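# Structural overview
What follows is each chain in one-letter form.
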Amino acid sequence: MKTSYAFRKPVVNAYLVRERDRRRWRDLVMVLAVAVPIAVVLLVYTSIRVGVLEAGYRVGDLERELYSLEQAERLLRLEGSQLSDAARIEGLAESELGLVAPRIEQVAFVGESP
């Protein structure tokens, strides 16, 4: 039982000419007109977001550095107050330099004539 569909007939496409589809180009331009601005906006948003994240990391680093410098400043102030103690300075002057407190007759007061 053979039907007409069982026989193959060769197709000759040598005489066919493809026409340009102007609707296809119009659709492509429309898609690009919509997609390009959206892509630009997304790229700008992404670059801004990356900049904000980098700035946040930098701020965190600077805050940690500030905290460590504040701790060092506190330690230096404490050490400075300990080193500038009057009793300590007097003890060092007497022991290392051989200085003694002046007697009252050695003191010259300002505004008095000798």
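A few points on the structure. Owing to the predicted nature of the structure, the values given are computational and were not obtained by experimental measurement.

### Focus: the overall build of the protein chain
Counting its regular elements, the protein chain contains 2 helices and 0 strands. The C-alpha atoms of the protein chain give 47 Å as radius of gyration, which overshoots the globular expectation for 114 residues (13 Å, by more than 25%). For the protein chain, the C-alpha atoms occupy an extent of roughly 145 × 40 × 20 Å along the three principal directions. Looking at the protein chain residue by residue over its 114 residues, the buried ones come to 2%. Just so you have it, the protein chain exposes about 11800 Å², and 63% of that area is on carbon and sulfur atoms. Of the charged side chains in the protein chain, 16 are positive and 16 negative; the average position of the first set lies 39 Å away from that of the second.

### Let's talk about the pattern of salt bridges
Opposite charge on two side chains allows them to pair when their charged atoms are near. What the rule picks out here adds up to 4 salt bridges. Residue Asp-21 is joined to Arg-23 by a salt bridge in which the shortest nitrogen-to-oxygen separation is 3.8 Å. The salt bridge partner of Asp-61 is Arg-64, with a shortest N-O separation of 2.3 Å. Here Asp-61 and its partner Arg-64 are both found in helix 1 (residues 22-83), 3 residues apart, which amounts to about one turn of the helix. Judged by its relative accessible area of 38%, Asp-61 falls in the partly exposed class.

Reading guide: rules and limits
Residues numbered from 1 in each chain as written. Predicted model: local features only at pLDDT ≥ 70, side-chain atom pairs only at ≥ 80, totals over all residues. Heavy atoms only, no water. Helix = DSSP H or I, 4+ residues; strand = E, 2+ residues; numbered from the N terminus. Rg over C-alpha atoms; globule rule 2.2 N^0.38 Å. Buried < 20%, exposed > 50% of the residue type's maximum accessible area, 1.4 Å probe, protein only. Areas by Shrake-Rupley, 256 points an atom, 1.4 Å probe, with all protein chains shown as cover. Lys, Arg positive; Asp, Glu negative; His and termini not counted. Charge placed at Lys NZ, Arg CZ, Asp CG, Glu CD. Salt bridge = Lys/Arg side-chain N within 4 Å of Asp/Glu carboxyl O.

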